[in-house]
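Single-letter residue listing:
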Amino acid sequence: MGDRVKNGQSLRYHQTGRERCIIHLVDPDLGTEPEIMGSLVYCIHFKDGCRWMDELKKLKGHLNTCKYDAIPCTSQCGAMIPKLMMDDHLMYTCPNRRLKCELCEREVTAEVFEDHMTTCRYEPIHCENKCGCKIQRRFISTHRQKECTKRLIACRFCNKEFVYDTLQGPRFAMEQHMETAGNAHLLLMCGVVSQQQHQISNLCSALGNLAVNTSGVLVWRITDYSQKLAEAKTKESYELSSSPFYTSQYGYKLMATLFPNGNGAGEGGHLSVYIKILPGEYDPLLPWPFSHTVSFTLYDQISSPAKATNIVESFVPDPSWENFQRPSKEPNALGFGFPCFVSHEMLRKRNYIKDNTIYIKIRVDPSKIIAV
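All chains use their own residue numbering, which begins from 1 and follows the written sequence. Reporting in this predicted model follows two pLDDT cut-offs: at least 70 for local features of residues, and 80 or more for side-chain atom pairs to be given and counted; totals over whole chains, interfaces and linings ignore these cut-offs and use all residues. Water and hydrogen atoms play no part in the side-chain values, which are based on all heavy atoms of the structure.

### Side note on the overall build of the protein
Turning to step 1, where the next piece is worked out: Secondary structure elements are defined from DSSP: runs of H or I of at least 4 residues count as helices, runs of E of at least 2 residues count as strands, and each element is numbered from the N terminus. Along its length, the protein carries 9 helices and 22 strands.
Turning to step 2, where the next piece is worked out: Counting only residues that meet the buried cut, the protein has 31% of its 372 residues in that class.
Turning to step 3, where the next piece is worked out: The contacts of the protein with a sequence gap of at least 6 include a subset with a gap of at least 24, amounting to 42%.
Turning to step 4, where the next piece is worked out: A 1.4 Å probe and the Shrake-Rupley method give the accessible areas. Residues count as covered only by the protein chains that appear here. For the protein, the computed accessible surface area is about 24,200 Å², with 52% contributed by carbon and sulfur atoms. Buried means the residue's accessible area, taken with a 1.4 Å probe over protein chains only, is under 20% of the maximum for its type, while exposed means over 50%, and partly exposed covers the values in between. Throughout, a residue-residue contact means that at least one pair of heavy atoms, one from each residue, lies within 4.5 Å.

Shown next, in the form of structure tokens:
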């Protein structure tokens, strides 16, 4: 509160908290609060255009409705806006106002509207190939790949590119290219075929290596045994051969053979089994003669393995025998094993043959030097 004297009268001003408001024609003798609150004042927004004038005590109520009084934006954009300008602000300048894209009919805020218009998938844009077409952004990729008359098409043989242009132009150019570049295309195709054959060979080799047994143990499953035995009785030296296997990853290459009707001393009444040493990839690195203990096991396929009576025979190679020397490039026809491994009579007992199938395990053990 303060006082000034003007024309013999006191002119008082009052600080309201926002701006000083002027109180006119106040008698110097009037100093009580009720009389002050009854003094006439102008709106604090008088300079902005508000013409309200009334008692000081009504100023606060007036400010609650004064159009010139600033309040926070009702759309919560953070701006302080005079009430008089609020409608215009919400309609034209508020960044939180909602705008509708005329192309996709999607509503976004004014703050991101400009960015949306540069990425709207429904906006027509010119093809970058300069074919003259204007396509909605969502279709432009398909247009460039399949429809654009200026798109590039490649020769399916040499990948040389041609512009797909009007009517006969591209067709003629492509046909002419196919005629003049025939030999070059043939050479390219031969190169591709050669490369593919090399890849196929490598893949087959890798697949074959994965399938090779390098454990030193082969479980040989022989099916249709009765038919094979009957055939062996009608054919001389009828022999079955197992798949090759190795004693280790870089070890000896071996193969088992079997005579259902016997061989040598066991011919006609026994099953004979043998082991053969085959030429292997790592023979130059291996010690010779072959000296690993070899065992053959005929499984008793009884339902209770604890009660099984397997037939087992094994031997330790004699280093003086030709069978165990390093084989030549051709597979060694000589094998070593047991011509009387099991008699036909014994084979029919128990469960050595079950479901017309027998199982024989061949195990090569470098740690044993005594046959068991």
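Moving on, there is more to tell.
### Here's the deal with the packing of aromatic side chains
Turning to step 1, where the next piece is worked out: Any two of the Phe, Tyr and Trp rings considered here, Trp counted by its six-membered ring, make a pair once their centres fall within 6.5 Å; the pair's planes then place it as stacked at under 30 degrees, edge-to-face at over 60, or tilted in between. Under the definition given, this model contains 13 aromatic pairs.
Turning to step 2, where the next piece is worked out: Consider the rings of F296 and F341, whose centres lie 6.4 Å apart with planes at 65°: the pair is edge-to-face. One end of the pair, F296, is in strand β19 (residues 293–298); the other, F341, is in strand β21 (residues 336–343), with 45 residues separating them in the sequence. As far as burial versus exposure is concerned, F296 and F341 are alike and both buried.

### Re the sheet that holds strand β14 (residues 217–222)
What holds strands together in a sheet is hydrogen bonding between their backbones, with the strands either parallel or antiparallel.
Turning to step 1, where the next piece is worked out: A pair of strands is labelled paired if DSSP reports no fewer than 2 bridges between them. Across the sheet, which stays open at both edges, the 4 strands sit in the order β14-β22-β19-β20 with antiparallel pairing between neighbours. Since the sheet does not close on itself, it has two edges, and those belong to β14 and β20 (311–315), each with one partner. Strand-to-strand twist of the sheet, defined as the mean angle between neighbouring strand axes without regard to direction, takes the value 15°.
Turning to step 2, where the next piece is worked out: Direction of pairing for β19 relative to strand β22 (residues 358–365): antiparallel, over a ladder of 6 bridges. Looking across to β22, one finds that V294 is bridged to V364. For every element, the axis is a line fit to its C-alpha atoms; helices are fit only across the contacting stretch, and the angle between N-to-C directions ranges from 0 to 180 degrees.

### Points about the nonpolar core
Turning to step 1, where the next piece is worked out: Note on terminology: a nonpolar core comprises buried Ala, Val, Leu, Ile, Met, Phe, Trp, Tyr and Cys residues joined through side-chain atoms within 4.5 Å. If you look at the biggest cluster of nonpolar residues, it comprises 34 residues, and the most contacted ones within it are L258, L271, F296, L298, F341 and I362.
Turning to step 2, where the next piece is worked out: When contributions to this core are tallied by element, the ones reaching two or more residues are β14, α8 (225–234), β17 (253–259), β18 (270–278), β19, β20, β21 and β22.
Turning to step 3, where the next piece is worked out: If sequence neighbours within four positions are ignored, L258 has contacts with W220, I222, Y238, E239, L240, L271, S272, V273, I358 and I360.
Turning to step 4, where the next piece is worked out: With 10 residues, the next largest nonpolar core counts V41, C43, I44 and C50 among its residues.

### Notes on the pairing of β18
Turning to step 1, where the next piece is worked out: In terms of burial, β18 is largely enclosed, as 8 of its 9 residues are buried.
Turning to step 2, where the next piece is worked out: As judged from the 7 bridges shared by β17 and β18, these two strands associate in the antiparallel manner. Paired with L258 across the bridge in β18 is V273.
Turning to step 3, where the next piece is worked out: Of the pairings in the sheet, the one linking β18 to β21 comprises 5 bridges and is antiparallel in character. Following the sheet pairing, Y274 is matched in β21 by G337.

### Section: the pattern of salt bridges
Turning to step 1, where the next piece is worked out: In the sections that follow, a salt bridge refers to a side-chain nitrogen of Lys or Arg positioned within 4 Å of a carboxyl oxygen of Asp or Glu. Throughout the structure, instances matching the rule amount to 6 salt bridges.
Turning to step 2, where the next piece is worked out: Close ionic contact of K58 with D54 constitutes a salt bridge, the shortest N to O distance being 3.8 Å.
Turning to step 3, where the next piece is worked out: The class of K58 is partly exposed, set by a relative accessible area of 41%.
Turning to step 4, where the next piece is worked out: Residue classification places D54 among the partly exposed residues on the basis of a relative accessible area of 23%.

### Points about unusual backbone geometry
Turning to step 1, where the next piece is worked out: For the peptide bond that leads from W288 to P289, omega is 5°, which places it in the cis range.
Turning to step 2, where the next piece is worked out: The topology assignment puts P289 in the loop between β18 and β19.
Turning to step 3, where the next piece is worked out: At D224, a position not held by glycine, the phi torsion is positive, near 50°.
Turning to step 4, where the next piece is worked out: Examined against the element boundaries, D224 turns out to sit in the loop between β14 and α8.
Turning to step 5, where the next piece is worked out: We classify D224 as partly exposed; its relative accessible area is 42%.

### Some words on the confidence of the model for the protein
Turning to step 1, where the next piece is worked out: A score between 0 and 100, pLDDT records how confident the predictor is in each residue. Averaged over the protein, the pLDDT score is 81; the fraction of residues at 70 or greater is 82%.
Turning to step 2, where the next piece is worked out: When pLDDT is averaged over each element of the protein, β14 comes out on top at 97 and strand β1 (residues 2–6) at the bottom at 43.
Turning to step 3, where the next piece is worked out: Counting contacts from residues 1–28, a segment whose pLDDT is below 50, to residues more than four positions away or on other chains yields 60 contacts.

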